[in-house]
Amino acid sequence: MKKSIILLLLAVAFIGCKPKQTVTNTKLDKKTEVALKGNWTINAVTYPGSDYIKVTSFDIADSKCFVGSTWKFISNNNKGDMALNSSSCTGFSSPITWYINKDGQFVMKIINETKSKKVLEGYVLTVTNLTENSFHLVDQVNVGGKMIDVVYQFQRN
């Protein structure tokens, strides 16, 4: 009886513990990267409770400031740039490096004036709803102890 209880507890512990994931997966999804090549604009940022909750995106500004922001993705060298253009928010622009791994995760570093190899932290989002002229990046953000999806809706320029 004790053996079966111990085995049951071990099984629950094994299933309940999510293994650590490496975000430096170097296997790239080149097909999706090529599909993102070009100039894009974020036309909406949505998440549950957006009328009441403020979310700071990419440690830069309020998520609503990203509506109208312009993004350029260069797929052959995984570089690009982004710029906030909202007149009601403080302007910001920076070069970025990015790639999409085989798990469909968009991995991005905001470079500013630093060389990309010296920037050790970045952002991991999920690419969804990819078409020729639009796609979504989904970020999971902790709001009051609850994880919510923040969806950035991109439109090709």
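Look above for the structure.
Residues numbered from 1 in each chain as written. Predicted model: local features only at pLDDT ≥ 70, side-chain atom pairs only at ≥ 80, totals over all residues. Heavy atoms only, no water.

### Comments concerning the overall build of the protein
Counting secondary structure elements, the protein contains two helices and 10 strands. N-terminal to C-terminal, the α/β element order of the protein is α-α-β-β-β-β-β-β-β-β-β-β. Residues classed as buried in the protein amount to 36% of the 157 residues present. Accessible surface computed for the protein: about 10,200 Å², of which carbon and sulfur atoms make up 56%. (Helix = DSSP H or I, 4+ residues; strand = E, 2+ residues; numbered from the N terminus. Buried < 20%, exposed > 50% of the residue type's maximum accessible area, 1.4 Å probe, protein only. Areas by Shrake-Rupley, 256 points an atom, 1.4 Å probe, with all protein chains shown as cover.)

### Observations regarding the environment of Thr128
Along the chain, Thr128 falls in strand S8 (residues 123-128). For Thr128, a relative accessible area of 25% gives the class partly exposed. With 25 residues separating them along the chain, Thr128 and Gln153 place their C-alpha atoms 9.6 Å apart. In contact with Thr128, other than residues within four places in its own chain, are Phe135, His136 and Val138. (Contact = heavy atoms within 4.5 Å.)

### Points about the nonpolar core
Among the nonpolar cores identified, the biggest contains 30 residues, and Phe66, Trp71, Phe73, Phe106, Tyr152 and Phe154 are the most heavily contacted of them. If you list the elements that add at least two residues to this core, you get strand S1 (38-46), strand S4 (70-74), strand S5 (79-84), strand S6 (92-100), strand S7 (105-110), S8, strand S9 (134-143) and strand S10 (146-156). Ranked by the residues each element gives to this core, the list is headed by S10, at four residues. Leave out the neighbours within four places in its chain, and Phe106 touches Leu36, Phe73, Trp98, Tyr99, Ile100, Tyr123, Val124, Leu125, Val127 and Leu137. (Core = buried A, V, L, I, M, F, W, Y, C linked by side-chain atoms within 4.5 Å.)

### Quick word on the pairing of S9
Bridge count between S8 and S9: three bridges; the pairing is antiparallel. Paired with Thr126 across the two strands is Val138, which belongs to S9. Adjacent in sequence and paired antiparallel, S8 and S9 are bridged by five residues, among which Asn129 carries a positive phi angle near 50°. For S9 and S10, the ladder comprises 10 bridges, and the chain directions are antiparallel. By the bridge assignment for S10, Val138 is matched with Val151. (Pairing = 2+ DSSP bridges.)

### Section: the sheet that holds S8
Strand order in the closed barrel formed by eight strands is S1-S4-S5-S6-S7-S8-S9-S10, with antiparallel pairing between adjacent strands. The sheet shows a mean angle of 35° between the axes of neighbouring strands, taken without regard to direction. Pairing of S5 with S6, which is carried by six bridges, proceeds in the antiparallel orientation. When the bridges of S6 are listed, Leu84 appears paired with Phe92. (Axes fitted to C-alpha atoms, helices over the stretch in contact; angles between N-to-C directions.)

### Topic: unusual backbone geometry
Located in the positive-phi region is Phe58, a residue other than glycine, with phi close to 55°. A relative accessible area of 5% places Phe58 in the buried class.

### Side note on the side chain of Asp29
Take Asp29: it is sitting in the loop between helix H1 (2-16) and helix H2 (30-36). Buried within the structure, Asp29 lacks any salt-bridge partner; its nearest side chain of opposite charge belongs to Lys102, at an N-O separation of 5.2 Å. Contacts of Asp29, omitting those with residues within four sequence positions, involve Ile100, Asn101 and Lys102. (Lys, Arg positive; Asp, Glu negative; His and termini not counted. Salt bridge = Lys/Arg side-chain N within 4 Å of Asp/Glu carboxyl O.)

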